[in-house]
Amino acid sequence: MLIGVDFDNTIVSYDALFHRLAVEQGHIGPEVPATKEQVRDTMRRAGREDAWTELQGYVYGARICEASAFPGVKEFFQTCRAAGVEICIVSHKTKHPFRGPAYDLHRAALDWLEHNGFFDPQGIDLPRESVYLRTTLADKLRQIGDCGCAHFIDDLPELLSEPAFPVAVERWLFDPNDHHPHEARFARAGSWRELDERLLRVAGSCR
Ligand SMILES: [Mg+2]
């Protein structure tokens, strides 16, 4: 069995980093709640849309290694590895940010995975060729189908509900901040521990 997983905001949690850098750069006050959405909305309300776009490039490019893995995601990968369940990562990511310095966002994502032990042969041991960074949404959807994923986990309902999303793939919405409590079109999980319990147990391959 193969499980496909999105990268940004599914494996990597940027909430604390966006908040810290936005405060550091004087875009928001420290009282703004520390989620990416709250930082974005506060900057937009203040007319700082361009600064928000540039901050994203800075976070995803220059400072990504300061972002954390979501709790439980490394354990999920390790449980899969121990059970012989394969995982691939499929991400839609431009090669460079839309504004600001031309950071290599693909290189940065691979560096983050390296830095967090995903390629460590003594640990998660994810094959590098199982990481697919695609520059368009259409290519991401095609790749999910081409990989032959049985399940795909993503934080965006818009992605999972795309008409071109491969029909044979079971869709899982990763919703750690409970943004989509009424979403009924897909299975929904609030944490990686819950995915471990529900997806792997339902799949019947690990227990
Ligand atoms: Mg995502």
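Residues numbered from 1 in each chain as written. Predicted model: local features only at pLDDT ≥ 70, side-chain atom pairs only at ≥ 80, totals over all residues. Heavy atoms only, no water.

The next point concerns the sheet that holds strand β1 (residues 2-5). One open sheet accounts for six strands, arranged β5-β4-β1-β6-β7-β8; its pairing is parallel. Only two strands of the sheet have a single partner each, and these edge strands are β5 (131-134) and β8 (187-189). Strand after strand, the sheet turns through a mean of 20° between neighbouring axes, direction not considered. Strand direction decides the pairing type here: β1 and strand β6 (residues 151-154), joined by three bridges, are parallel. Each bridged residue has a counterpart across the sheet, and for Ile3 the counterpart in β6 is His151. Against the sheet, helix α6 (residues 137-147) touches β1, β4 (86-92), β5 and β6, its axis set at about 165° to β4. (Pairing = 2+ DSSP bridges. Helix = DSSP H or I, 4+ residues; strand = E, 2+ residues; numbered from the N terminus. Axes fitted to C-alpha atoms, helices over the stretch in contact; angles between N-to-C directions. Contact = heavy atoms within 4.5 Å.)

In terms of domain boundaries, the protein chain breaks down into domain 1 (2-13 + 69-203) and domain 2 (15-66). Averaged C-alpha coordinates put domain 1 and domain 2 at centres separated by 23 Å. The interface is formed by 19 residues belonging to domain 1 together with 14 residues belonging to domain 2. Carbon and sulfur atoms supply 61% of the area that domain 1 and domain 2 bury against each other, a total of about 1300 Å² over both sides. Applying the counting rule to domain 1 against domain 2 returns one salt bridge. Arg99 is the partner of Asp50 in a salt bridge, and the nearest nitrogen-oxygen pair spans 3.7 Å. Where domain 1 meets domain 2, there are two residue pairs in polar contact (both at pLDDT 80 or more). Ranked by residues supplied to the side of domain 1 that touches domain 2, first place goes to helix α5 (residues 105-115) with six residues. In the side of domain 1 that touches domain 2, the residues fall into nine nonpolar, six polar and four charged. (Domains from an automatic or database assignment. Buried area = accessible area lost by both parts, 1.4 Å probe. Salt bridge = Lys/Arg side-chain N within 4 Å of Asp/Glu carboxyl O. Polar contact = N/O pair within 3.5 Å; in protein donor to acceptor, adjacent residues only side chain to side chain. Nonpolar A, V, L, I, M, F, W, Y, C, P; charged D, E, K, R; others polar.)

What follows covers the coordination of the magnesium ion. Only Asp6 (OD), Asp8 (O) and Asp155 (OD) from the protein reach the magnesium ion as donors, at distances of 2.1 to 2.2 Å. Read N to C, the donor residues that coordinate the magnesium ion are spaced as D-x1-D-x146-D. Here the residue Asp6 occupies a position in the loop between β1 and β2 (12-13), and Asp155 occupies one in the loop between β6 and α7 (157-160), the gap between them amounting to 149 residues. (Donors = N, O, S within 2.8 Å, 3.2 Å for Na, K, Ca; no water.)

Moving on: the pattern of salt bridges. Taken as a whole and assessed by the stated rule, the structure comprises 18 salt bridges. Close ionic contact of Asp125 with Arg81 constitutes a salt bridge, the shortest N to O distance being 3.3 Å. Of the two residues, Asp125 sits in the loop between α5 and β5 while Arg81 sits in helix α4 (residues 73-83), which places them 44 residues apart along the sequence.

Among the nonpolar cores identified, the biggest contains 47 residues, and Phe7, Ile11, Phe76, Phe77 and Ile153 are the most heavily contacted of them. Broken down by element, this core gets its largest block of residues, five residues, from α5. Both domain 1 (2-13 + 69-203) and domain 2 (15-66) contribute no fewer than three residues apiece to this core. Ignoring sequence-local partners within four residues, the contact set of Phe77 consists of Val5, Ile11, Ile87, Ile89, Phe118, Ile124 and Leu126. Formed by 13 residues, the second largest nonpolar core is a distinct cluster that contains Val90, Ile144, Phe165 and Val169. (Core = buried A, V, L, I, M, F, W, Y, C linked by side-chain atoms within 4.5 Å. Buried < 20%, exposed > 50% of the residue type's maximum accessible area, 1.4 Å probe, protein only.)

Before going further, it helps to examine the side chain of His151. Summarising the element assignment, His151 is placed in strand β6. On the basis of relative accessible area, His151 is assigned to the buried category, the value being 8%. Separated by 2.8 Å, the side chains of His151 and Glu170 make a polar contact. Among the polar contacts listed, one links the side chain of His151 to the side chain of Trp172, at a separation of 3.5 Å.

This brings us to the pairing of β4. Regular strands place their side chains on alternate faces of the sheet. Along β4, five of the seven residues are buried, which leaves the element largely enclosed by surrounding structure. Inspection of the sheet shows β1 paired to β4 by four bridges, in the parallel sense. Directly across from Val5, in β4, lies its bridge partner Ile89. Note: β4 against β5, four bridges, orientation parallel. Note on β5: the bridge partner recorded for Ser91 is Leu133.

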